Amino acid sequence: MLLLTCLTLLADAPADFYVAPAGRDAWSGTLPAPNAAGTDGPFATPARAQQAVRALRAAAPQRATPVTVLLRGGVYELAAPLLLDPRDGGSAASPTVWAAYPGEQPVLSGGTRLRGWRVEGGRWKLQLPAGQRFAQLTVNGQRRYRPRFPKGRYLTVAKELPPTPANEGQGWDRLGFAKGQLDPALAAPDVEVVAFHEWTCTRIPLKSITEGVLTLTRPTGTPYWIGLQQGRRFLLDNVGAALSEPGEWYLSPTGELTYLPLPGEDPATTEVVAPRLTELLQVRGDAAAGLPVAHLALRGLTLAHTNYVLPPDGRSFPQAEADLPAALNARALVDSQIEDCTFEHLAGWGLDLAGGCQRDTIRGCTFADLGAGGLKIGLMGAAPTAVEQCGWHTITQNTLAHGGRLHPAGIGVWIGHSPYNEITQNDIYDFYYTGISVGWTWGYGVSQAHHNTIADNHVWLIGQGVLSDMGGIYTLGLHDGTEIRHNLFHDIDAYTYGGWGIYFDEGTSRILAEDNLVYRTKTGGFHQHYGRDNVVRNNIFAYAKVQQLQRTRSEEHRSFTFEQNIVLWNEGPLLGSNWRDPEHFVLRRNLYWHTAGTPFDFAGHTLPAWQAKGQDLESVVADPLFVGPEQGDYSLQPGSPAARIGFRPFPLTGWGRTTPGGEAARRAVPAAWPPPTAVEVSKVALDEDFELVAVGGKCPGGQTNEDAKVTTATCRVTAETAASGQHSLKFSDQPGQQNPWDPHLVFNPGYRDGVLEASFDLRLLPGAVFQHEWRDWTVTPYLVGPSLQVKDGQLTANGRALRAVPSGVWLHCELVCPWGAGQPGTWTLRLSLPGEPAQEWPDLPCDKRCRTLSFFGFIAHAETATGFYLDNLKLRQR
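Residues numbered from 1 in each chain as written. Predicted model: local features only at pLDDT ≥ 70, side-chain atom pairs only at ≥ 80, totals over all residues. Heavy atoms only, no water.

(A) Broad picture of the overall build of the protein. Tallying secondary structure elements over the protein gives 4 helices and 76 strands in all. Here the C-alpha atoms of the protein give a radius of gyration of 30 Å, agreeing with the 29 Å that 2.2 N^0.38 yields for 878 residues. Structurally, the protein occupies a C-alpha span of about 105 × 70 × 50 Å along its principal axes. Looking at the 878 residues of the protein, the share that counts as buried comes to 59%. Taking all contacts inside the protein whose residues are at least 6 apart in sequence as the whole, residues at least 24 apart take part in 76%. When the accessible surface of the protein is summed, it comes to about 32,400 Å², and 53% of that surface belongs to carbon and sulfur atoms. (Helix = DSSP H or I, 4+ residues; strand = E, 2+ residues; numbered from the N terminus. Rg over C-alpha atoms; globule rule 2.2 N^0.38 Å. Buried < 20%, exposed > 50% of the residue type's maximum accessible area, 1.4 Å probe, protein only. Contact = heavy atoms within 4.5 Å. Areas by Shrake-Rupley, 256 points an atom, 1.4 Å probe, with all protein chains shown as cover.)

See the structure below:
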């Protein structure tokens, strides 16, 4: 409170020191402007003012009033990050204050304004010093992007390829692309390949483009979720040969910068800033040694223009871009305030409160035009001592917007191992991954992310179809005492799966989510992957697309209690994924309504049958009587049945930032990544003959599922036999497997329409049970398209007996199915056996409601030692 009082008196009290672009470091720094004689005035640099503050503190250690530095408006191009250590702090009675001069806007810049352009054929060119590299450029206060290929859309991996021999077992270092998609002339040493995975991206230098094969300089990594599987999106960035559109720029390896101006831009007056520094302010206390930086206040400052240069071996980080630097990076900053500051035009994060930072307040700040995310709080590992923890912070009335412009998985507010934080009344929008992320423990291990309050925030325009597996708020690990209360989450969209409003992932436990409004999400208003003893109470969930509520993993404890909530929707089922074990979750006293008034089920059960299992007791199916939900008005009309479930109406106001500010976020920031519809999809989803896969390897492009304990029950490439070439894929069944459907192989082609054609060669061993099936897994229960099975030597199609087939010989199967909305729900099978004419069965029935081909699978279903071989797998859209 004393610090806040000191700050409010700044406008009425003279500062101890002043800094101005027109100042001189040889002057006293005690005047706000040069005197008439030009013999004294403000300092020229913040570094000189820092020296003066230290000298003043040393001369007056018992000072009981603030020490204040006021910065006049203008740009201060920092030669190096300003490093603040314990000498630069203050005390409760005498805080050290760095603030903007009243009514002015000082900018601490890590960049350099570029001048001296020459114009050649309408292109601006400038030779830069050797070794100067950067990945972003700001022109008249707006981000400009490097040239990409293709323009405004993504390419997709046409074929998953095994790694080069030098990188065997280290992940993916090459991919197959469709004929004509990439010209080898695009390849250059400075081209970067940006691959979009589920919830993250990799950015790795290009090594080569040959006929149908793109090779990286290093592998992406071994986890499946950063693989280059078939169908994954990618694009090329920093492609000099693709420089063609106004607003693009390219910095050649020789240091020549070329910029294509927008209409009306003049090289003599246009402000072009190239970043140099990766960090602008560094606060370095030592919590373990008892030497924090204490009672420091920053007010009204702008931190802008940080740099990022891709390391020679590229970048691959598992989640949230949490390792990237921030413009202001703090260690052991305590009892301090950052108020009304702006963080913009950054290559990484805005602010990082890390180990030992405690009891800080971030108020009224704006984070905009961010290469990664806005604000990081805490560590990626648990702090060893209480004093080295980061926490007890207040984050309120801030705007965090336009993130992920260089690194798409950046987050608005990221909380790692950090307790007792209050994240309240913030606006968070226009990010490509998650709005707020809390926790950094996968499972039930030690977590210091507890007793956090996430309240009254407005989070929207998240995901935007660029990444997947995200939420308006995302949590993981143990969270005793954490509350998610009275937030507004809406317009959250994933590329494939996982655009949720409230997302409890990876062991999330003991969180209360209450009085939240969640609407227009893709995969559900609420999802819990796994965790225990969470409570979701008195929320409104509306208008999710794929399903409304989702639960994934079953465990031997209570997952959550879902009570007194209102769920409103107009498409998709109510419950998605896994609700098979009702003894391990509780749904009760909820109000459900499908706006069409059509009947719906509860995980395949009628409401009475569901209630007989102990679920949704006292729940109601009725129109909640919202005033105008399609227009965003979720107030209840008189007579609403919500009262019957004990629903307590909560204020539909007070979300987000209510104080002035945020102007930087209102300036236009160009979108960084193409929309989800701009995908150049290869019509060929699968073309695999296994000749490039080593014996013993798994099938590229698909998900291979094998029993972990029965190690001889496998699905692996073999040289024992082949329909063509030398290799095929062998499914080996064995008794004693936990799942009778293992081993099995699944592809997710993602086709939504068109005539689909598939073919494969099959060789059965005696006693084999073979199944091939197409499914739409975007709904629960899933829908079945074409389905083939061979059991006891008999071939059946969607349950219809067709004929006997022999073992020990290669059969060739061809399937053709019109797929998607408006199709008749029939398909054709053509079978060829050695020495026989081909046989065809048209108009075989399947479920005409199928929309997305999300499961294209081969299953070994025997419970004895047998199996089968596959070769020449193909799937394409006609």
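(B) Inspection of the nonpolar core at higher detail. Core analysis: the biggest nonpolar cluster contains 114 residues, and Leu328, Phe343 and Phe562 have the highest contact counts within it. Counting 48 residues, the second-largest nonpolar core is a separate cluster that includes Cys715, Ala797, Leu815 and Leu853. (Core = buried A, V, L, I, M, F, W, Y, C linked by side-chain atoms within 4.5 Å.)

(C) Representation of the pairing of strand E22 (residues 272-275) within the structure. Judged by which residues are buried, E22 turns out to be covered on both faces: Val272 and Ala274 on one side and Val273 and Pro275 on the other are all buried. Across 3 bridges, the pairing between strand E7 (residues 111-113) and E22 is antiparallel. Each bridged residue has a counterpart across the sheet, and for Thr112 the counterpart in E22 is Ala274. Summarising the sheet, strand E10 (residues 137-139) and E22 pair through 2 bridges and their orientation is antiparallel. Bridge pairing in E22 links Thr138 to Val273. (Pairing = 2+ DSSP bridges.)

(D) Expanded view of the sheet that holds strand E71 (residues 800-804). With respect to topology, 7 strands assemble into an open sheet ordered E63-E66-E75-E68-E69-E70-E71, the strand pairing being antiparallel. Looking at strand neighbours, the two that pair on one side only are strand E63 (703-705) and E71, the edges of this open sheet. The sheet shows a mean angle of 15 degrees between the axes of neighbouring strands, direction not considered. (Axes fitted to C-alpha atoms, helices over the stretch in contact; angles between N-to-C directions.)

(E) Quick look at helix H2 (residues 46-59). Between the first and last C-alpha of H2 there are 20 Å, a value that for 14 residues agrees with the 20 Å anticipated at 1.5 Å per step. Each element contacted by the buried residues of H2 is listed here: strand E1 (17-19), strand E2 (67-71), strand E3 (74-77), strand E4 (82-84), strand E5 (96-100) and strand E6 (106-109). (Expected span 1.5 Å × (residues − 1).)

(F) Summary view of the confidence of the model for the protein. Of the residues in the protein, 98% have a pLDDT of 70 or more, and the chain-wide mean is 95. Predicted confidence for residues 1-11 stays below pLDDT 50, and this span has 22 contacts to residues more than four positions away or in other chains. (pLDDT = per-residue confidence, 0-100.)

(G) View of the side chain of Glu688. Here Glu688 shows up in strand E62 (residues 684-688). The side chain of Glu688 sits in the buried core without any salt bridge; Lys159 is the nearest counter-charge, 4.4 Å away. Apart from the residues within four sequence positions on either side, Glu688 is in contact with Lys159, Glu160, Val693, Cys699, Pro700, Asn872 and Leu873. (Lys, Arg positive; Asp, Glu negative; His and termini not counted. Salt bridge = Lys/Arg side-chain N within 4 Å of Asp/Glu carboxyl O.)

(H) Local environment of unusual backbone geometry. Looking along the chain, the bond that leaves Phe149 and enters Pro150 is cis, with omega of 0 degrees. Structurally, Pro150 is set in the loop between strand E12 (148-149) and strand E13 (154-156). In this structure, the amide linkage connecting Asp742 to the following residue, Pro743, adopts the cis form with an omega of -5 degrees. Even without being a glycine, Asp340 presents a positive backbone phi close to 55 degrees.

(I) Layout of the pattern of salt bridges. Applying the stated criterion to the full structure yields 47 salt bridges. The residue Glu104 makes a salt bridge to Arg72 at a minimum N-O spacing of 2.7 Å. Here Glu104, found in the loop between E5 and E6, pairs with Arg72, found in the loop between E2 and E3; they are 32 residues apart in sequence, far enough to count as distant. On the accessibility criterion, Arg72 (18% relative accessible area) is buried. Here the residues in one salt-bridge network are Glu514, Asp515, Arg537, Glu563, Arg588 and Arg648, joined through shared partners.

(J) Here's a closer look at the packing of aromatic side chains. Under the definition given, this model contains 43 aromatic pairs. With a centroid separation of 5.0 Å and an interplanar angle of 90 degrees, the aromatic rings of Phe770 and Phe868 are classed as edge-to-face. One end of the pair, Phe770, is in strand E68 (residues 770-776); the other, Phe868, is in strand E76 (residues 866-877), with 98 residues separating them in the sequence. The burial state of Phe770 is the same as that of Phe868; both residues are buried. Members of the aromatic cluster, each reached through a chain of ring pairs, are Phe504, Phe526, Phe541, Phe560, Phe562, Trp569, Trp579, Phe585, Tyr592, Phe600, Phe602 and Trp610. For Arg233, the ring lying beneath its charged end belongs to Tyr154, and the centroid distance is 4.8 Å. For the cation-ring pair, Arg233 lies above Tyr495, with the distance from its terminal atom to the ring centre recorded as 3.6 Å. (Phe/Tyr/Trp six-rings, centres within 6.5 Å; stacked < 30°, edge-to-face > 60°. Lys NZ or Arg CZ within 6 Å of the ring centre and 35° of its normal.)

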